[in-house]
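Secondary and tertiary structure notes
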Amino acid sequence: MAPLTDFYHLTMAYGHWRAGRHRVPAAAELFFRRGPFRGAFALGAGLAEGLRCLRAFRFSAADVAYLRSILPSTTEEAFFDYLATLDTSEVTVSAVPEGSVVFARVPFLQVRGPLLVVQLLETTLLCLVNYASLVATNASRFRLLAGPDVKLVEMGLRRAQGPDGALSASKYSYIGGECCPVVPHGTAATPSAMSPSPSLLAGFDYTSNVLAGKLYGIPVRGTIAHSFIMSFTSLEEVQLRVSLPPLAGGEPVDLPALAESWLQRVDTNPLLAHARSGLPNFCAVALALHQLGYQAIGVRLDSGDLAQQSKEVRRVLRACGAHFQVPWFETIPIAVSNDISEQSLEEFSREGSEIDMIGVGTNLVTCPLQPSLGCIYKLVEVNGSPCLKLTEDEEKMTIPGSKTIYRLYDAAGHPFMDLMALEEEPLPSAGQELVVRVLGTLGEARKVVPTTVEPLHRTYFRDGQMCEPLPSLLEVKNHAQASLSLLNPAHRRLHEPQPYPVAVSERLHRLLAELRQASQ
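The structure contained in this document is the topic of the report that follows. (Residues numbered from 1 in each chain as written. Predicted model: local features only at pLDDT ≥ 70, side-chain atom pairs only at ≥ 80, totals over all residues. Heavy atoms only, no water.)

A look at the overall build of the protein chain
Tallying secondary structure elements over the protein chain gives 17 helices and 22 strands in all. Per-residue burial for the protein chain yields a buried fraction of 51% across its 520 residues. Residue pairs at least 24 apart in sequence account for 74% of intrachain contacts in the protein chain once pairs closer than 6 positions are excluded. As presented, the protein chain carries roughly 24,400 Å² of accessible surface, and 53% of it is formed by carbon and sulfur atoms. Here the protein chain holds 45 positive side-chain charges and 52 negative ones, and the gap between their average locations is 3 Å. (Helix = DSSP H or I, 4+ residues; strand = E, 2+ residues; numbered from the N terminus. Buried < 20%, exposed > 50% of the residue type's maximum accessible area, 1.4 Å probe, protein only. Contact = heavy atoms within 4.5 Å. Areas by Shrake-Rupley, 256 points an atom, 1.4 Å probe, with all protein chains shown as cover. Lys, Arg positive; Asp, Glu negative; His and termini not counted. Charge placed at Lys NZ, Arg CZ, Asp CG, Glu CD.)

Looking at the environment of Arg58
Among the structural elements, Arg58 can be located in the loop between helix H2 (47-55) and helix H3 (61-70). Owing to a relative accessible area of 44%, Arg58 belongs among the partly exposed residues under this scheme. Once the C-alpha coordinates of Arg58 and Leu83 are considered, the two residues, 25 residues apart in sequence, prove to be 8.5 Å apart. Excluding residues that lie within four positions of it along the chain, Arg58 makes contacts with Ala2, Asp63, Leu86 and Asp87.

Digging into the layout of surface pockets
Roughly 630 Å³ of internal volume is contained in the second largest pocket. As for the second largest pocket, its lining consists of 22 residues, of which Met155, Arg158, Arg159, Arg300 and Ser337 are closest to the centre. A breakdown of the residues in the lining of the second largest pocket according to their chemical character gives six nonpolar, ten polar and six charged. (1 Å grid on protein atoms, 1.4 Å probe; cavity = no way out; pocket = protein on both sides within 12 Å on 5 of 7 lines; lining within 4 Å. Points joined across faces, edges and corners; volume = space filled by probe spheres on them. Nonpolar A, V, L, I, M, F, W, Y, C, P; charged D, E, K, R; others polar.)

Examining the sheet that holds strand E7 (residues 206-207)
Within a sheet, neighbouring strands are paired by backbone hydrogen bonds and run either parallel or antiparallel to one another. Read from one edge of the open sheet, five strands run E7-E6-E12-E11-E10, paired in parallel fashion. Each edge of the open sheet carries a strand with a single partner, namely E7 and strand E10 (299-301). Bridge analysis of E10 against strand E11 (residues 334-336) gives three bridges, and the strand direction is parallel. Bridge pairing in E11 places Leu301 opposite Val336. (Pairing = 2+ DSSP bridges.)

Description of a nonpolar patch on the surface
Where nonpolar side chains cluster on the molecular surface, the patch consists of Ile224, Phe228, Ile229 and Phe232 and spans about 390 Å² of accessible area. Checked against the element boundaries, Ile224 lands in the loop between helix H8 (210-216) and helix H9 (226-230). (Patch = residues over 30% accessible without salt bridge, like charges linked within 9 Å, V, L, I, M, F, W, Y side chains within 5 Å. Salt bridge = Lys/Arg side-chain N within 4 Å of Asp/Glu carboxyl O.)

Details of the packing of helix H1 (residues 7-18) against helix H4 (residues 77-85)
At a minimum axis separation of 11 Å, H1 and H4 run at an interaxial angle of 105°. As judged from the angle between their axes, H1 and H4 are roughly perpendicular. In this structure, H1 uses Leu10, Ala13, Tyr14 and Trp17 to contact H4, whose residues at the interface are Ala78, Phe79 and Tyr82. (Axes fitted to C-alpha atoms, helices over the stretch in contact; angles between N-to-C directions. Parallel < 35°, antiparallel > 145°, perpendicular 65-115°, else oblique.)

Quick word on helix H15 (residues 473-485)
In a regular helix each residue adds 1.5 Å, so 13 residues correspond to 18 Å; H15 covers 18 Å between its end C-alpha atoms and thus fits that length. Of the positions making up H15, those classed as buried are Leu473, Val476, Lys477, Ala480, Gln481, Ser483, Leu484 and Ser485. Buried residues along H15 sit in contact with strand E2 (42-43), strand E4 (101-102), helix H6 (122-146), helix H7 (162-173), H8 and helix H16 (489-492). (Expected span 1.5 Å × (residues − 1).)

A word on the environment of Lys389
By the element assignment, Lys389 lies in the loop between strand E14 (385-386) and strand E15 (403-409). Its relative accessible area of 34% is what places Lys389 among the partly exposed residues. Contacts of Lys389, omitting those with residues within four sequence positions, involve Arg33, Lys378, Lys396, Met397 and Thr398.

Notes on the packing of aromatic side chains
Tallying each qualifying case throughout the model produces eleven aromatic pairs. Taking the centre distance of 6.0 Å and the plane angle of 20° together, the rings of Tyr14 and Trp17 count as stacked. Linking Tyr14 with Trp17, this pair stays in helix H1, spanning three residues, or about one helical turn. Comparing Tyr14 with Trp17 shows no difference in burial state: the two are buried. An aromatic cluster is present here, built from Tyr14, Trp17, Phe79 and Phe80 joined pairwise through their rings. A cation over a ring is seen here: Arg68 above Phe80, with NZ or CZ 5.0 Å from the ring centre. In this arrangement the basic side chain of Arg265 is found over the ring face of Trp262, its NZ or CZ atom lying 4.2 Å from the centre. (Phe/Tyr/Trp six-rings, centres within 6.5 Å; stacked < 30°, edge-to-face > 60°. Lys NZ or Arg CZ within 6 Å of the ring centre and 35° of its normal.)

Focus on the pattern of salt bridges
Applying the stated criterion to the full structure yields 17 salt bridges. A salt bridge links Arg300 to Asp302; the nearest nitrogen and oxygen atoms lie 3.5 Å apart. According to the relative accessible area criterion, Arg300 is partly exposed, its value standing at 32%. The residue Arg314 makes a salt bridge to Glu354 at a minimum N-O spacing of 3.3 Å. Taken as a pair, Arg314 in helix H12 (residues 306-323) and Glu354 in the loop between helix H13 (342-351) and strand E12 (357-360) lie far apart in primary sequence, 40 residues in all. For Arg314, a relative accessible area of 2% puts it in the buried group. Judged by its relative accessible area of 24%, Glu354 is partly exposed. Each member of the salt-bridge network shares a partner with another, and the members are Arg314, Arg318, Glu354 and Asp356.

Some words on the state of the cysteines
The bond known as a disulfide is covalent and runs between the sulfur atoms of two cysteines. The full count for this structure, using the stated rule, is zero disulfides. The thiol of Cys467 is unpaired, and the distance to the nearest cysteine sulfur, on Cys53, comes to 17 Å. (Disulfide = S-S within 2.5 Å.)

The quantities given are spatial measurements derived from coordinates; they are silent on function.
Shown next, in the form of structure tokens:
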């Protein structure tokens, strides 16, 4: 994976090597500047893939031979010899746990090591984190709109940007989560007290992607395509081939014939007289299956006014169940698809529906509302000296120095601010008054008193090895659910959310001011 980088990183690496600065210690941070989809938050994802890539980071003999062919002929041979020995044995990576809620300008991944290696890792890590975090965030938005009770199916395989994009979409849409835990009256709402109920759902429930199911253990679901129905012209084509034994035992029964007999009874029922053309057929087959001891799986709708149709279908199913005394008919799941978007889910909620399962494809995996999260990776320290990118646009100015990141919680258990402090500063204490400078209003000091203080980063990689076991996909999903559940609803809402404050300590603010002054 070492060649998974941009060409200019190799030319810069050669410059560092020629200058004798390739082993100078350096630190870089990965973050994004603006919340995606005009929201306040994102979900950090792709960490596990990034760490696996770091562990395998090597230039093979074939890689070095290829680099020799594309770099200028004047490149010294000793540089290629050096590349052949390169690894991540001196690299340390700290990050927020995968699936955590993250905010604009807050580093959710920090890399330290020799300057040359730290810079070579930039594009690789951005590639692995950018889309993963974007689609996980997109999935969380669909879950927020759908609510915890509706099942969500990722169906974007045929719409995704190639097989790699499709597999990533299946994997990371499974992570995106939402829940609304209830804290018992009189209980202090701390992060631990507000851990989510296991009965509440997170992210998407299923994928249609069989390979993703095999690779990642994601539950797989699907319906049938129109082409299956279109491939038959009459019952005669299946009459002699479809028989089904009763679950209770006995000789197989001719299912089409049994269904036809039920259809005659359904068609003469005045309660079902105005049902849509396909629905009486479904009811007849489902009743035939019931007679043999089976239950129909569900109904799929994929065109027209899906919310209104779902209500009509539910009315018919209830009437059919009551008339033929089949109680489970009332709860037959109704699934919908058809270019489902955030707007679609908002319409379902506004109009009311009887929808139990929603399949989402294009608008989930391609993220059309924002095709890229826009993560960036910037040096913040070289050879022990803090550094920053200077620009007239404060949003694009980086925050210098190796830092510790804290999340501050209020008495209700909601995070109300993320705080960046220099690494050598003492840990803020719960209940202690802090003087901070909120980004975007750096001219004003602000006093805050957190009820709880949480250091956000853990060290995951050191000396070329993982420092702790990587969580399973289900564990990441559960963490995303817990992390989102703690958000204040004002920060979690999808439209015009309340901005989430990100601040720096007074000491870090002074350092920033000194570096800006020194550069003038």
